[in-house]
Amino acid sequence: MHKKIPSRYLRPSQTASEKVAKCFGKGPYYARRLRDEANHLLKTGQILETKQGQGAAHASLLNHHDIRESVLKFARRQLRPAKLVRYVNRFLFPKLGIQSELSERTAFNWLSKVGFNLTKVMKGVYVDGHEREDVVAYRNKFIKIFEEEIFPGDQLEIETPPKLPPGVKAHRVVCQDECCTSANDQCLYEWKEEGAQPLRDKTRGRPIHTSDFVLEGSGYLKLSDEEIAAQKKLPKEPLPPSLNLQFEARKIIYPGANHNPWWDMKQLIAQVKDAIQIFDVKFPNDVGVWIFDCSSAHESFAEDSLRANKMNRGSGGQQPKMHDTIIPSGPFAGQKQAMVFPDDSEEKDEKGVPLAGKPKGMERVLRERGLLEEMEKKGRVVGVCKECKKSQEAKDKAAKEAKARREEMEGPDIDESQEDNDDSDDFYRSKDCCMRRVLELQTDFKEEKPLLQIIIEEAGHKCFFLPKFHCELNPIELVWGNMKRNFREETDGSFAKGKELVPKGLDRISVTTIHRYFLHCYRYMDAYKHGLNVRQAEYAVKKYTSHRRIPATIRVDPESSPCEVPEVCPFMEGTFLIRR
Ligand SMILES: [Zn+2]
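None of the values given here were measured: they were computed from a predicted structure.

Colleague: Break down the overall build of the chain for me, with residues and values.
Modeller: When you go through the chain residue by residue, the secondary structure sums to 21 helices and ten strands. Out of the 580 residues belonging to the chain, those deemed buried represent 42%. Taking as baseline every contact in the chain between residues at least 6 positions apart, the subset at least 24 positions apart corresponds to 71%. Taken as a whole, the chain presents about 32,700 Å² of accessible surface, with 52% of it coming from carbon and sulfur.

Structure (structure tokens):
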């Protein structure tokens, strides 16, 4: 007696096709089509020609002129399919007297048909200027500082600070950055009209602005419960009353019209001062190595800093009084130079106005440096040439526009790096066209310390700025990415919820995870040190996630093999989102 053979063994192709169809949520018709196509392919070696779309076209409501125009107009104002569905069903169809309902699926198709594409908001590290000569030179210097000054002798390899001889202080890296989240920042995808710039949603909701610090071994810069208890036991007396110690460095504000003012340098300076106090309580014997992004805001200067673009050609008048300096080069190198006339000076300007206690102009400063004679030999010397004037005007205009845009848009995620760092023009411009240019290229002017650096160094710590366009070297960027991923999943679009989710999302990231983020950034440094370009580095860093350095095998000789890694890096999306 034969056993009954189960039908799945009798009709294997039917069984298989039905299984496949089921996977796609399709029924027997789809399965039959699959079998037909497979048979056709086996017999002829060719794909069955599809009959789809050859019949009479469906009467799509989108062919209706008014609908198409309205949809397009609506789409241009930035939307998601769900919003289009609402708009069409509640407003457009009733208005046109159409008895129909748009599904989200169809809304999706309609958007494509009117020329919109769903684009993943790509936030990679590819930015023009990343590999520019001067940027790379600064990057090399930055990495060298890490190797020689911060982790001496260990080439970024150490896991814990090395045993130090007595008297030598351990270095602890503290990285700062800012992040803006808006209440309805729900979508990783953005609809984009073909050939157009990504649309910015004016109705993104109120921004939540966070500025925070992370440390390699201990996560966020904040006091532990025990440290807080110990602080509370201390007599209040030794601290001046104004220095009310904060227990954590994080600052969250909710800026916008009629709300908190926008984040600015003043607030950052106040936060940094608090952060230094917290650091000193936590690590009284250590040196903090404070790392900031290189943005023009972070590099803003003290009132009395040396800035050629604030100076006039002549002395006196309306220009800032700058601090004394040492002449860096030329016949008088090493001599002290005052930027203000002494109080007992007898000198007068051309109009006979006494110059005692007045600021010196560019002409005077250059003459005292022995540089003016050289310029005069080459011809007529101007204070500010047309090109330098134009360049400064463009910079001022860009800065003003960026500020206005930020405020008008209530807009987070404005591409600050591009606005702040567009100095390629500076890099390629003539070096001796006018007095301002010569002066601004003098080492003491060029290397003038930003206010942040002055404050940090005065507190006995070190301060460095990341190379321009290199936010991938800042571990806190990964903290933001992590927080934002959870935020997008959990937000309901309301400000109240967003306000709650930001700190919750940040606190959820463990000390171990933050430590991993640091290693990630050190791997980037290691990759750059070994000559990998940004694509190769990104690939290597994400492939070898458990190492501090990238393995020697992946390191490529940039001369002989310009790109051994895939052109499109499979690790590029996903795990780590880095703000441009
Ligand atoms: Zn010039």
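Colleague: Lay out the coordination of the zinc ion with the relevant residues and their values.
Modeller: Taken together, the protein ligands of the zinc ion are Cys385 (SG), Cys388 (SG), Cys433 (SG) and Cys434 (SG), with distances of 2.2 to 2.3 Å. One can describe the site at the zinc ion as tetrahedral: its four donor atoms subtend angles covering 104 to 120° at the metal.

Colleague: Explain the packing of helix 9 (residues 265-282) against helix 17 (residues 451-458) residue by residue, including any values.
Modeller: The geometry of helix 9 relative to helix 17 is characterised by a closest axis approach of 11 Å and an angle of 20° between their N-to-C directions. For the element pair helix 9 / helix 17, the angle class is roughly parallel. As helix 9 packs across helix 17, the resulting crossing turns out to be right-handed. Side by side, helix 9 and helix 17 meet where Met265, Leu268, Ile269, Val272, Lys273 and Ile276 of the first sit next to Leu451, Leu452, Ile455 and Ile456 of the second.

Colleague: I'd like a rundown of the nonpolar core, residues and numbers included.
Modeller: Most often, soluble globular proteins keep nonpolar side chains buried together rather than apart. Ranked by internal contacts, the top residues of the largest apolar core, which has 42 residues, are Phe146, Val173, Ile291 and Val479. Residue contributions to this core peak at nine residues, all from helix 20 (residues 511-529). In this structure, Ile291 is in contact with Phe142, Phe146, Val173, Val174, Cys175, Gln176, Phe464 and Leu466, ignoring residues within four places of it in sequence. In terms of nonpolar packing, the next biggest core, distinct from the first, is built from 26 residues, Val174, Ala249, Phe292 and Cys294 among them.

Colleague: How would you explain the state of the cysteines if you had to name every residue and give the values?
Modeller: Counted according to the given criterion, the structure contains zero disulfides. No disulfide involves Cys180; its sulfur sits 7.0 Å from the nearest other cysteine sulfur, which is in Cys179. Residue Cys180 is classed as buried on the basis of its relative accessible area of 11%.

Colleague: Let's hear about empty space enclosed by the protein: which residues, and what values?
Modeller: In this approach a probe as big as a water molecule rolls over the atoms, and the regions it shows empty are the leftover space. The full count for this structure, using the stated rule, is three cavities of 30 Å³ or more. Quantified by volume, the largest cavity comes out at close to 50 Å³. Contributing to the lining of the largest cavity are Asn309, Cys388, Ser391, Gln392, Lys395, Asp426, Arg429, Arg436 and Glu440. Of all the elements in the fold, those that place two or more residues in the lining of the largest cavity are helix 12 (386-409) and helix 15 (435-440). For the lining of the largest cavity, the element with the highest residue contribution is helix 12, accounting for four residues. Put simply, the second largest cavity is a space of about 50 Å³. Contributing to the lining of the second largest cavity are Phe146, Val173, Cys175, Ile291, Leu473, Pro475, Phe518, Cys521, Tyr522 and Met525. Counting only elements with at least two residues in the lining of the second largest cavity, the list comes to strand 2 (171-182) and helix 20.

Colleague: Requested: an account of the packing of helix 18 (residues 476-490) against helix 19 (residues 495-507), with residues and values cited.
Modeller: Between helix 18 and helix 19, the least distance of the axes is 9 Å, while the angle of their chain directions is 140°. Relative to helix 19, helix 18 is oriented oblique. Crossing hand, helix 18 versus helix 19: right-handed. Of the residues in helix 19, those touching helix 18 at Val479, Trp480, Met483, Phe487 and Glu490 are Lys497, Gly498, Leu501, Val502, Lys504, Gly505 and Leu506.

Colleague: Explain the confidence of the model for the chain to me, using residue names and the numbers behind them.
Modeller: Averaged over all residues, the pLDDT of the chain equals 77, while 74% of them reach at least 70. Scored below 50 in pLDDT, residues 120-126 shows 28 contacts in the model against residues more than four places distant or in partner chains. Within the model, the stretch residues 409-421 combines pLDDT values under 50 with 37 contacts to residues more than four positions away or in other chains.

Colleague: Help me get a handle on the side chain of Ser211, residues and values and all.
Modeller: With respect to the helices and strands, Ser211 occurs in strand 4 (residues 207-215). Here Gln271 takes part through its side chain, which lies 2.6 Å from a polar atom of the side chain of Ser211.

Conventions and cut-offs
- Residues numbered from 1 in each chain as written.
- Predicted model: local features only at pLDDT ≥ 70, side-chain atom pairs only at ≥ 80, totals over all residues.
- Heavy atoms only, no water.
- Helix = DSSP H or I, 4+ residues; strand = E, 2+ residues; numbered from the N terminus.
- Buried < 20%, exposed > 50% of the residue type's maximum accessible area, 1.4 Å probe, protein only.
- Contact = heavy atoms within 4.5 Å.
- Areas by Shrake-Rupley, 256 points an atom, 1.4 Å probe, with all protein chains shown as cover.
- Donors = N, O, S within 2.8 Å, 3.2 Å for Na, K, Ca; no water.
- Tetrahedral: all angles 85-135°; square planar, octahedral: opposite > 155°, others 65-115°.
- Axes fitted to C-alpha atoms, helices over the stretch in contact; angles between N-to-C directions.
- Parallel < 35°, antiparallel > 145°, perpendicular 65-115°, else oblique.
- Left-handed = near helix turned anticlockwise from the far one by under 90°.
- Core = buried A, V, L, I, M, F, W, Y, C linked by side-chain atoms within 4.5 Å.
- Disulfide = S-S within 2.5 Å.
- 1 Å grid on protein atoms, 1.4 Å probe; cavity = no way out; pocket = protein on both sides within 12 Å on 5 of 7 lines; lining within 4 Å.
- Points joined across faces, edges and corners; volume = space filled by probe spheres on them.
- pLDDT = per-residue confidence, 0-100.
- Polar contact = N/O pair within 3.5 Å; in protein donor to acceptor, adjacent residues only side chain to side chain.

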